[in-house]
Amino acid sequence: MLEMQIPPSTTVRQLKDQLLLSMNAGLTSQEKDLNTKNLAIIFAGKALQDDHSLQECLIRDATILHVARSREDSSTPTHDTQQESLLPGVSTSKSDTESDHLIVTREQAASLQCAFYGYCRESCSDVTAVLLRFACDKCGGFVFVVDPITELDTWEDILDGGKVHGVCYKDDCDGTDANLIFKCAAHQSRGQSDRMHYLRQIKLNLMDIACTTCGDVKTPVITFSCDPSHIMCLSCFQQYCAHLLAERRFTWVANLGSTARCPFGCADGLIVDPHHFYVLGRRLYENYKDFAAEECFLRSGGTYCSTCGAPFVDESSNFFTTCPNGHRFCRKCGDIAHAGECDALPPPEQLAVSEKARENAHSRQTILSTTKPCPGCAAPIERNGGCMHVICARCKKEFCWICQTDWGIDCMSRHWFA
Amino acid sequence: MAAPFPVSCARRIQKELTALHAEPVPGVTLKSGPDTLADKSTDINMIIKGAEGTIYNGEEFNLRFRMNERYPFESPEVVFQPPNIPLHPHIYSNGHICLSILGNDWSPALTISAVCLSIVSMLSSCKEKKRPPDDQFYIRTASMNPKATRWMYHDDNV
């Protein structure tokens, strides 16, 4: 372990030069043929690029870096070195390693050189770089030194909540396990509970691949889960999701729920973690959640009460059903229970009991006068243009706006466009 | 189109036109595009030539693309322009085309080139010149904009 104090503007190359000076001090001249090209400085599993400064790499106070010496016969760092998925605190037997302790002042701005991104909802309302911290499982503190990790195979294990072993150095804590947690790099931390959600499908665009939608090369980007993964820049992704939301065209996938598909239509190209839809912004994300919850509920056989909106499940096949609040209504038209024919409207005063019910009655009258119920699921549908062939956004039933029945050749001939 | 055209949208269209120039779709030539990028109107006119060995051999058709400010998230409006509208079971005599990628199956990864390619292939694979069965009552009432039509894509073979 070598402790160093280094200003944040130092580049990785300058750091290597400094390291060589101190490493070479005790060596014979034969061993001094090391040069900066033989060294790899590894942070969070990635070899750092020579021309990036430490602050661009998001290296801050009290950070442990690993230095690996690549094989001396290779004049440039090999791909093996760069692709090795090392963890902070990991040492490998193949190369000599030394841990260096850097003291760097805090920087406000998030840099584009990090490998991990998340959405900061608390402060920045934007996609920002993520700082990785190990938090003691017992006290939640960050003064935790991780043991060399051998039994965990990949990053995925730890990212999925796998624990790592080590020693908690906080006073009075004897914790030996830690979890990986994520903090926003773009604002000053407000303490232990100030965390963020890591979004693993947002990645650095290291290969300079053009966005599938705007054609620009940007970084970071959204990567879909197809192979090879298609990418979209963040601003196109945001617009893409807003469009899917407005058109109610999210894809339903069992176990994932409502999600976005790769724009090339790849069967396995999806957004696997719906938290990526945070990029919609707070208001639209709430809409997305409502939409996704409704979709999930309806797909599992649920019904919404047409009076109070209460969700419930009635597995019977009865014509009328009763919600948990006692509202009895017709499943076909969504109207409160009526005698005989399904097209009779109840007088409004029948509905109005409490103040709330009166408001609901007014809303219902407005909805009734501006919409028609879907013949498939009774969802009120408003038609704001286009032809008479309507597809219910909720249950996908295709019907004729005029006949209120299945769309067919007859409707096309008589009143396709009214 | 009253809404101002976003720069990102205009740039994407410009990129597509450049790509189309560099790698033309066989049988398709650009007739005219938007004069300036900031232009509110983005009509792009293409000429499609009937390929050799197909029933449209020697014929020429004008195809008009019209993008709105939500392009490429929303599909372009694509119609054949009179006087010569191909006789095809998926093309109405007013020039409207019943093609799923112009409606439900549109994706922002699709391009003018991809649409032209689909239309050329749709024409080339056709064996019999005829109008869609519902042509007469469709053109009597249809809106000017084919995107106001909810199509039923019943036949993928032609």
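Presented here is a report on the structure given in the accompanying data block.

What counts, and where the lines are drawn
- Residues numbered from 1 in each chain as written.
- Chains lettered and ligands numbered in written order.
- Predicted model: local features only at pLDDT ≥ 70, side-chain atom pairs only at ≥ 80, totals over all residues.
- Heavy atoms only, no water.
- Phe/Tyr/Trp six-rings, centres within 6.5 Å; stacked < 30°, edge-to-face > 60°.
- Helix = DSSP H or I, 4+ residues; strand = E, 2+ residues; numbered from the N terminus.
- Buried < 20%, exposed > 50% of the residue type's maximum accessible area, 1.4 Å probe, protein only.
- Expected span 1.5 Å × (residues − 1).
- Arc of directions from axis to C-beta.
- Contact = heavy atoms within 4.5 Å.
- Pairing = 2+ DSSP bridges.
- Axes fitted to C-alpha atoms, helices over the stretch in contact; angles between N-to-C directions.

Overview of the packing of aromatic side chains
All names here are of chain A.
Step number 1: This structure, assessed with the given rule, holds 15 aromatic pairs over all chains.
Step number 2: Measuring from ring centre to ring centre gives 5.6 Å for tyrosine 119 and tyrosine 278, while their planes differ by 35°; the resulting arrangement is tilted. Highlighted residues: tyrosine 119 in strand 6 (residues 117–120) and tyrosine 278 in the loop between strand 16 (257–259) and helix 5 (282–299), separated in sequence by 159 residues. Summarising the burial analysis for this pair, tyrosine 119 and tyrosine 278 share the class buried.
Step number 3: Where phenylalanine 224 meets phenylalanine 237, the ring centres are 6.3 Å apart and the plane angle is 70°; that geometry is what we call edge-to-face. Linking phenylalanine 224 in the loop between strand 13 (221–223) and strand 14 (231–233) with phenylalanine 237 in helix 4 (residues 234–246), this pair joins segments that are 13 residues apart in sequence.

Some words on helix 2 (residues 112–124) of chain B
All names here are of chain B.
Step number 1: Across its 13 residues, helix 2 extends 18 Å between first and last C-alpha, which sits within 8% of the 18 Å expected from 1.5 Å per residue.
Step number 2: What helix 2 keeps buried is the set Ile112, Val115, Cys116, Ile119, Val120, Met122 and Leu123. On an axial view of helix 2, the arc spanned by its buried residues comes to 160°, and they lie on one face.
Step number 3: Those residues of helix 2 hidden inside the fold are in contact with helix 1 (7–22), strand 1 (28–32), strand 2 (43–49), strand 3 (60–66) and strand 4 (77–81).

Some words on the sheet that holds strand 13 of chain A
Residues and elements named next belong to chain A.
Step number 1: Pairing is antiparallel across the open sheet formed by 3 strands, whose spatial order is 12-13-14. With partners counted over all chains shown, the strands left at the sheet margins are strand 12 (202–203) and strand 14, one partner each.
Step number 2: Bridge analysis of strand 13 against strand 14 gives 3 bridges, and the strand direction is antiparallel. Looking across to strand 14, one finds that isoleucine 222 is bridged to methionine 232.
Step number 3: The sheet strands contacting helix 4 are strand 12, strand 13 and strand 14, and the helix crosses strand 14 at an angle near 95°.

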